[in-house]
Amino acid sequence: MPRAGSTLLQNILAQNSDFYVTPTSGLLDLIFGARLNYTNSPEFKAQDAATMKKAFLAFSRAGMEAYFKALTDKPYILDKSRGWGVHFDLLSLIFDEEPKIICMVRDLRQILASMEVKFRQSPDKHRPIENHVNLSGTTTLKRVVVHLQTAPVGLALDRLAEVHQRGWNKKILFVRYEDLTAQPKQTLEKIYSYMGLPGYQHNFQQVDQVTDEDDKIHGIPGLHDIRPVVEPLTHSYLPILGKDAVRFVQNNYAWYFTAFGYQTNPV
């Protein structure tokens with residue numbers, strides 16, 4: 001989920017010298033490319049389907065292992081991608097065991113408020129979301145709707161809904177951003193327990209950013225910047241988004257607030 005704290009968590013975990021952590025990764029796209037050719041190429045279709053499936057899965061696993069072997073010799077890899085959770089079944093096939101997936105979530109209203117703040121920070125720059133010719137994205141409410149119906153926010157929500165529909169949510173560790181920032185020590189203990197690894201003494205007062213992304217690529221400068229101190233942030237979504245937008249989000253995404261234990265109030 002965008003702006004949900006996954007970058008913060010990656011950089012906290014990077015303090016552990018046994019971990020190699022990635023910025024937003026393109027590894028899943030490499031697997032998608034291989035899967036597309038495996039599915040559609042005549043050369044694969046012309047051979048025994050069961051044999052080719054076995055070979056494709058082996059190719060994918062060995063390719064992923066080689067990918068990280070070229071990057072690090074550390075024993076544990078934490079690959080960040082918004083797509084892993086919804087491909088729980090594919091990962092299970094590739095590795096012949098259920099994967100360990102940690103999914104960061106955050107109050108959806110606050111995510112959207114954060115996106116709106118980023119929009120307002122650069123009035124001197126062209127913002128693709130805002131189009132005054134076709135009246136798209138010209139108000140805060142309209143921008144909220146656009147975010148909810150497009151990548152990255154809308155796509156992440158669709159994937160979370162599918163994860164719950166398929167029952168994979170019972171096997172994925174969901175971590176609320178609010179819990180991470182309010183109780184970092186206890187939250188990290190849960191994460192290490194889920195991974196089946198011994199705990200680690202992290203420094204929550206000085207988190208250095210070791211993951212590097214050029215956010216101009218994403219069209220939102222500063223999207224993956226983190227603060228060095230892990231501490232709670234105030235909920236400022238209402239004055240930023242306004243009542244109409246907050247009401248729209250609460251009414252149309254009630255499942256999200258219920259699934260992750262966020263309170264909603266009449267506005």
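Look up a bit, the structure's there.
Residues numbered from 1 in each chain as written. Predicted model: local features only at pLDDT ≥ 70, side-chain atom pairs only at ≥ 80, totals over all residues. Heavy atoms only, no water.

K.L.:
Describe the side chain of Arg 109, and please don't skip the residues or the numbers.
P.N.:
Within the secondary structure layout, Arg 109 lies in helix H6 (residues 108-120). Here Asp 107 takes part through its side chain, which lies 2.7 Å from a polar atom of the side chain of Arg 109. When sequence neighbours within four positions are dropped, the list of residues in contact with Arg 109 reads Tyr 237, Leu 241, Val 246, Val 249, Gln 250, Phe 257, Tyr 262, Gln 263, Thr 264 and Asn 265. (Helix = DSSP H or I, 4+ residues; strand = E, 2+ residues; numbered from the N terminus. Polar contact = N/O pair within 3.5 Å; in protein donor to acceptor, adjacent residues only side chain to side chain. Contact = heavy atoms within 4.5 Å.)

K.L.:
Let's hear about helix H7 (residues 140-149): which residues, and what values?
P.N.:
Buried within H7 we find Thr 140, Arg 143, Val 144, His 147 and Leu 148. With its buried residues spanning 135 degrees around the axis, H7 presents them on a single face. Looking at the buried positions of H7, the neighbouring elements they touch are H6, helix H8 (153-166) and helix H11 (237-252). (Buried < 20%, exposed > 50% of the residue type's maximum accessible area, 1.4 Å probe, protein only. Arc of directions from axis to C-beta.)

K.L.:
Provide a residue-level description of the packing of aromatic side chains, including the pertinent values.
P.N.:
As enumerated under the stated definition, the model contains 12 aromatic pairs in all. Look at Tyr 38 and Phe 56: their rings are 4.4 Å apart centre to centre, the planes differ by 0 degrees, and that puts the pair in the stacked class. Highlighted residues: Tyr 38 in helix H2 (residues 27-40) and Phe 56 in helix H4 (residues 49-69), separated in sequence by 18 residues. Relative to Phe 257, the ring of Tyr 256 lies with its centre 6.0 Å away and its plane at 85 degrees, an arrangement referred to as edge-to-face. Take Tyr 256 and Phe 257: they sit in the same class, and that class is buried. Counting every residue linked through ring pairs, the aromatic cluster contains Phe 174, Trp 255, Tyr 256, Phe 257, Phe 260 and Tyr 262. We note Arg 106 situated over the ring of Tyr 177; from NZ or CZ to the ring centre the distance is 4.2 Å. Sitting over the ring of Tyr 262, Arg 176 keeps its end group 4.6 Å from the ring centre. (Phe/Tyr/Trp six-rings, centres within 6.5 Å; stacked < 30°, edge-to-face > 60°. Lys NZ or Arg CZ within 6 Å of the ring centre and 35° of its normal.)

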